[in-house]
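# Geometric and topological summary
If you want the building blocks of each chain, they are given just below.
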Amino acid sequence: MAPLDCNTDCVERPLSRVLRHLGALVGAHPWPFLLLPLALSTALGTGFGFLKSLEDNDIERQFTPLEGPAKEERRFVQEHFTTDDAQRFSGERLTTEGSFAAFIAVARDGGSLLTRQAFAELLALDKAVWELRDPALPFAQLCARGIPGSNCSSANPLLSAVGGDPARIEALLPDLTFPLYAPPSFPHPVFLGVFLGGLDLAPGGGTARPVRAAKALRLLYYLQEDEATRRNDSALWLRTFLERIPGVVKSLNLETIQVAYFTSLSRQEEFEKITKEVVPLFSITYTLTITFSIISCSRLDCVRTKVWVAAFGVLTAGLSVVSSFGLLLFCGVPFVVTVANSPFLILGVGVDDMFILVSCWQQTQVKDSVRDRMADTYGEAAVSITITTLTDILAFYIGIATPFQSVQAFCKYTGTAFVFCYIYNLTFLGAILALNGRREESNRHFLTFMKVNNEPQDSQGSAYNMCCVGGSFDESTGAETEHPMNGFFRKHYGPFLMHTCSKVLVVVLYLMYLASSIFGCTQAQEGIDLRNLASDSSYVIQYYEWEEEYFSEYGPRVMVVVTESKAYWDSSVRADIENCMNALESSSYISKDLSVSWLRTYQDVAKHMSFSIADRRLFIDNLANLFGINPDFKWDVNVTATEILASRFFIQTVNVTTAVDEKSLLNELRDLAEGCRVPLMVYHPAFIYFDQYTEIVQDTVQTIVIAAGAMLLISLLLIPNPLCSLWVTFAIASVIVGVAGFTAFWNVNLDSISMINLVICIGFSVDFSAHISYAFVASEKDEVNDKAVDALYRLGYPVTQGAVSTILGIIVLSMSSSYIFRTFFKIMFLVILFGAVHGLIFIPVFLTFCGFCSKMPNRQFPVNAQSSSAGGVPS
């Protein structure tokens, strides 16, 4: 079937002409193009001196939305409700996680911790914490105070209740209730939801069910952080805690309990450690990639082998990383741990372009001058490389618009690295290719650089002829001898793929792939699990696991804030507030019986003490009675002499165990608050992280759609056939759907880390398909099946080389103990695998289904039999 002529080469043709001239210039004068990139890389590489000062791995700043609603809510709460940890501490009223150290103790035999033996060990552990000092101040001077002038806030109410005597726990056990417990020495009932876990409760309901046994118990040690000096002292104490507590636990010889520990610094410090882990992997990656590149570009011919081009192709990628990172560090762009993935990526892609250049060089006329061969090489390869590079760069720079700074940083560094990689491939690597061409032209040995014979010497042995004779080429075509893999694609794979039965099988396989991918997309989970920000061997993992196992029933204690001044003395206003509270408490995620409301308590106190709260003066003046009964309420009412500017209440969440629950809770509470007649706001420090759910899907889809549109535009401009450009765009969408679906099967959540990789996916999904599509359009064959075989012959092997080299560039990350790097490997592996499958199987077949992608208009080719048979980009 003869294809229709529908060429759109108004951009491609002049670009090809410009790149041919560039190739000729590099071929004629290689040394400036070799030395200038080296000098530029050396100069820009000095920017690494700023690396330490520009490292920014703050988890909240990098992995939560820049302008998330919870950050604005936190600012409001901090402005309107003050606390003083040194005077009176209340954990539920913290606007941040606070400064703390924590233990989770679990019974070794799976029994109960509410025994004399277990509490003896818990008290010994508690005593060891109090004795920690040098160089830090002792805990007693830094602790958050429970009551003005009193001792530190209790690490656990039960430890306070036993008063240092472990035997007393057995006496207290008959009266111990959950989740509310009223110790004899406490003025108010205590919420035990965060302190006791793995419970065996007596039958019944309510908020005070008798406790029969508990498998886990948590100790919390809060420190002061109101003043800068106190924050520094507390941080020093926490670092002392982390340094010494493993030895302390070991020295206690705990027989009844086992413990996991955690601090408010742990998540951040463990996250920062994973950057150091990836550094040794660079050397392994570069060794693997250099080895593969040399092997795949090697030939038995000691003259025609491309060993040096392969080795310097890997170096080109390294120079790109040095130049781009150095430039951005000079510009003061923060360096985030996610950027550490970039060099692995650049290495694979840079080598991919090198394979394309080498393949096109091998198809040029051996007898032509190096200048002409370089012009032909660039004319045939550089447009294809330009298409894929532009799509990659655009994908990353579009990703900068995301509200996640970790994604922004990665996209800035990687996009800029691609710019340098493209420039250096056409200059530095081109110069190496030209110099290597001069060596071939003078028939010199690749290792000794001495001239050798190009015909076997009968007087010499076979070993000599193998190692010291070279320079042969295909006399019938005038080009280098066909590589066996190119022959495989032309003689075997291409014709097999174009068989009717093969095409039917390809369509069936594609439909199965698409159905599986779409199903996987429906199973995707959102949200970053904070434990994934630490390595698998980190001490925090055990703490997270026990916390999830034993303390997941009760979730965040959420603030409900009245954000405007209201006439609380007006009964209708109080009724509106009560209706709002009832609406919030009706949520399946809220335990109504555990709410704390100063207004409800105030009304009960007024009724009990028989005073009026019916007008402004009486309401405000009598608040002193409420604060006398429960001083904590003083922190919940922002009151002046004439009005109440803001106030807050608390609701207790339950059964928030998954990312879906966290998203549903956040959206449901915000919707209920927005629907109230009273201006309300809900807030908890955890909402800072929950906010990613409101942004991640929308932002990912938006980025993908915009980038895919940009890819289509580039394809339309640079692939001289609009319908083939649509096939390339189809490949982008298909690969993205496949990657998104199959990552769900591979237990990868949709979070800011995987979002980075989906942005990568946009750019890389087009690479292999664009190469094949461009070669299909450029082919001089008349029939679509022949054009597809021709495209596979010309670029099937380079695409395979590129896919394998990229996978080798990232495969070492699969061995990482960090979720971040393993996720990068998983998604990139799928991107490359599916991209290669589309480029080598699906797209060649689909291009033949409609005979619309015609050959280019006739142009003047160099006299090149190989180009005539294989199809070359005309001059």
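### Things to note about the overall build of the chain
- Along the backbone of the chain there are 32 helices and 11 strands.
- With respect to the three principal axes, the spread of C-alpha positions in the chain is 115 × 60 × 50 Å.
- Within the span of the chain, comprising 875 residues, buried residues form 58% of the whole.
- Long-range contacts, defined as pairs at least 24 residues apart, comprise 80% of the intrachain contacts of the chain with a sequence gap of at least 6.
- Computed over 63 positive and 85 negative side-chain charges, the inter-centroid distance for the chain is 3 Å.

### Observations regarding the environment of isoleucine 257
- Looking at where isoleucine 257 falls in the secondary structure, it is placed in strand S6 (residues 257-263).
- Classification of isoleucine 257 as buried rests on a relative accessible area of 0%.
- Apart from residues lying up to four places away in sequence, isoleucine 257 is in contact with Ala105, Val106, Arg108, Leu113, Ala118, Glu121 and Leu122.

### Some points on the packing of aromatic side chains
- As enumerated under the stated definition, the model contains 58 aromatic pairs in all.
- Where phenylalanine 312 meets phenylalanine 428, the ring centres are 6.2 Å apart and the plane angle is 50°; that geometry is what we call tilted. Residue phenylalanine 312 is found in helix H12 (residues 307-330), and its partner phenylalanine 428 is found in helix H15 (residues 405-441); the two are separated by 116 residues along the sequence.
- Owing to a relative accessible area of 27%, phenylalanine 312 belongs among the partly exposed residues under this scheme.
- Seen from their ring centres, tryptophan 746 and phenylalanine 829 are 6.2 Å apart, and the 75° between their planes marks the pair as edge-to-face.

### Concerning the pattern of salt bridges
- Inspection of the entire model under this criterion finds 30 salt bridges.
- Of the charged contacts, one joins arginine 74 and glutamate 60 as a salt bridge, the two residues approaching to 2.6 Å between their closest N and O atoms. You can see arginine 74 sitting in helix H5 (residues 69-80) and its partner glutamate 60 sitting in helix H4 (residues 59-63), a full 14 residues away along the chain.
- Taking relative accessible area as the criterion, arginine 74 reaches 15% and is therefore assigned buried.
- Arginine 239 is the salt-bridge partner of glutamate 269, the closest N and O atoms lying 3.3 Å from each other.

### What to know about the packing of helix H14 (residues 370-399) against helix H26 (residues 692-718)
- Where H14 meets H26, the axes come as close as 9 Å, and the angle between the chain directions of the two elements is 160°. Taken together, the axes of H14 and H26 are roughly antiparallel relative to one another. Crossing handedness for the pair H14 and H26: right-handed. Taking contact as the criterion, the partners of Val383, Thr386, Ile387, Leu390, Thr391, Leu394, Ala395, Ile398 and Gly399 in H14 are, on H26, Thr703, Ile706, Ala707, Ala710, Met711, Ile714 and Leu718.
- Of the residues that constitute the contact of H14 with H26, the class distribution is 12 nonpolar, 4 polar and no charged.

### Side note on unusual backbone geometry
- Backbone torsion omega between phenylalanine 178 and proline 179 reads 5°, so that peptide bond is classified as cis.
- Along the chain, proline 179 turns up in strand S2 (residues 177-181).
- Despite not being glycine, asparagine 253 shows a phi value in the positive range, around 50°.
- One can find asparagine 253 in the loop between helix H10 (228-252) and S6.
- Overall, the relative accessible area of 56% leaves asparagine 253 in the exposed class.
- In this structure, serine 610 takes a positive phi of about 60° despite not being glycine.
- Structurally, serine 610 is set in the loop between helix H21 (598-609) and helix H22 (616-621).

### Looking at the pairing of S2
- Within S2, 4 of the 5 residues are buried, leaving the element largely enclosed by the surrounding structure.
- Two strands pair when backbone bridges link them, and S2 and strand S5 (residues 208-223) are joined in this way by 3 bridges, in the antiparallel orientation. Counted as the bridge partner of phenylalanine 178 is arginine 209 from S5.

### Structural notes on the nonpolar core
- Counting residues in hydrophobic clusters, the biggest one holds 275 residues, and the most contacted among them are Phe103, Trp237, Phe241, Trp598 and Phe619.
- Not counting residues within four places of it along the chain, the set of residues in contact with tryptophan 598 comprises Tyr568, Phe619, Leu623, Leu626, Phe633, Asp636, Val637, Ile644, Ser647, Arg648 and Phe649.
- In terms of nonpolar packing, the next biggest core, distinct from the first, is built from 5 residues, Cys302, Val303, Val307 and Phe446 among them.

### Focus on the side chain of arginine 794
- Here arginine 794 lies in helix H30 (residues 784-810).
- According to the relative accessible area criterion, arginine 794 is buried, its value standing at 3%.
- Engagement of the side chain of arginine 794 in a polar contact is seen with the side chain of glutamate 380, the distance being 3.4 Å.

### Digging into the side chain of glutamine 362
- Residue position: glutamine 362 is located in helix H13 (residues 342-362).
- Contact partners of glutamine 362, with chain neighbours within four places excluded, come to Arg299, Lys306, Ala479 and Glu480.

### Topic: the confidence of the model for the chain
- Taken residue by residue, the chain gives an average pLDDT of 85. The fraction at 70 or more is 92%.
- Counted against residues more than four places away or in other chains, residues 1-5, with its pLDDT under 50, gives 17 contacts.
- Scored below 50 in pLDDT, residues 854-875 makes 77 contacts in the model with residues more than four places away or belonging to other chains.

### Remarks on the environment of valine 766
- Within the secondary structure, valine 766 sits in the loop between helix H28 (752-764) and helix H29 (767-778).
- Judged by its relative accessible area of 0%, valine 766 is buried.
- Spatially, the C-alpha atom of valine 766 lies 66 Å from that of threonine 642, the residues being 124 residues apart in sequence.
- If we ignore the near neighbours within four places in the chain, the residues touching valine 766 are Thr391, Val728 and Ile732.

### Topic: H15
- Here H15 spans 51 Å end to end across 37 residues, near enough to the 54 Å set by a 1.5 Å rise per residue.
- H15 sits mainly inside the fold: 30 of its 37 residues count as buried.
- One or two positions beyond H15, positive phi appears at asparagine 443, with a value near 55°.

How each quantity is defined
- Per chain, the residues get numbers from 1 upward, laid out in the order the sequence is written.
- Reporting of local features is limited, given that this is a predicted model, to residues whose pLDDT is at least 70; pairs of side-chain atoms are given and counted only at 80 or more, and all residues count toward the totals for whole chains, interfaces and linings.
- In computing side-chain values, all of the structure's heavy atoms are included and hydrogens and water are not.
- Secondary structure is summarised from DSSP: a helix means a run of H or I of at least four residues, a strand means a run of E of at least two, and numbering begins at the N terminus for each.
- Note on classification: 1.4 Å probe, protein chains only; a residue is buried when its accessible area is under 20% of the maximum for its type, exposed when over 50%, partly exposed between these limits.
- Contacts between residues were defined by any pair of non-hydrogen atoms, one from each residue, lying within 4.5 Å.
- By the counting scheme adopted, Arg and Lys are positive, Glu and Asp are negative, and His together with the chain ends is not counted.
- For this purpose, a charge sits on NZ of Lys, CZ of Arg, CG of Asp or CD of Glu.
- Whether two aromatic rings pair depends on their centres lying within 6.5 Å, for rings of Phe, Tyr and Trp, where Trp uses its six-membered ring; planes under 30 degrees apart make the pair stacked, over 60 edge-to-face, and the rest tilted.
- Any carboxyl oxygen of Asp or Glu that lies within 4 Å of a side-chain nitrogen of Lys or Arg is treated as forming a salt bridge with it.
- For helices, the fitted line uses only the C-alpha atoms of the stretch in contact; every axis is such a line through C-alpha atoms, and the angle between N-to-C directions lies from 0 to 180 degrees.
- Each angle is binned into one of four classes, with values under 35 degrees roughly parallel, values over 145 roughly antiparallel, values of 65 to 115 roughly perpendicular, and all other values oblique.
- Handedness of a crossing follows from how the near helix is turned relative to the far one, being left-handed for an anticlockwise turn of less than a right angle and right-handed for a clockwise one.
- Residue polarity is assigned by list, with Asp, Glu, Lys and Arg as charged and Ala, Val, Leu, Ile, Met, Phe, Trp, Tyr, Cys and Pro as nonpolar; anything else, Gly included, falls into the polar class.
- Here the rule is simple: two strands pair whenever DSSP picks up at least two bridges between them.
- Side-chain atoms within 4.5 Å are what join buried Ala, Val, Leu, Ile, Met, Phe, Trp, Tyr and Cys residues into a set we call a nonpolar core.
- Definition of a polar contact: a pair of N or O atoms within 3.5 Å, with one able to donate and the other able to accept a hydrogen when the atoms are protein atoms, and with sequence-neighbouring residues admitted only if both atoms are side-chain atoms.
- The score called pLDDT rates the predictor's confidence residue by residue, from a low of 0 to a high of 100.
- Under the convention used throughout, the expected extent of a helix is 1.5 Å for every residue step, that is, one less than its residue count.

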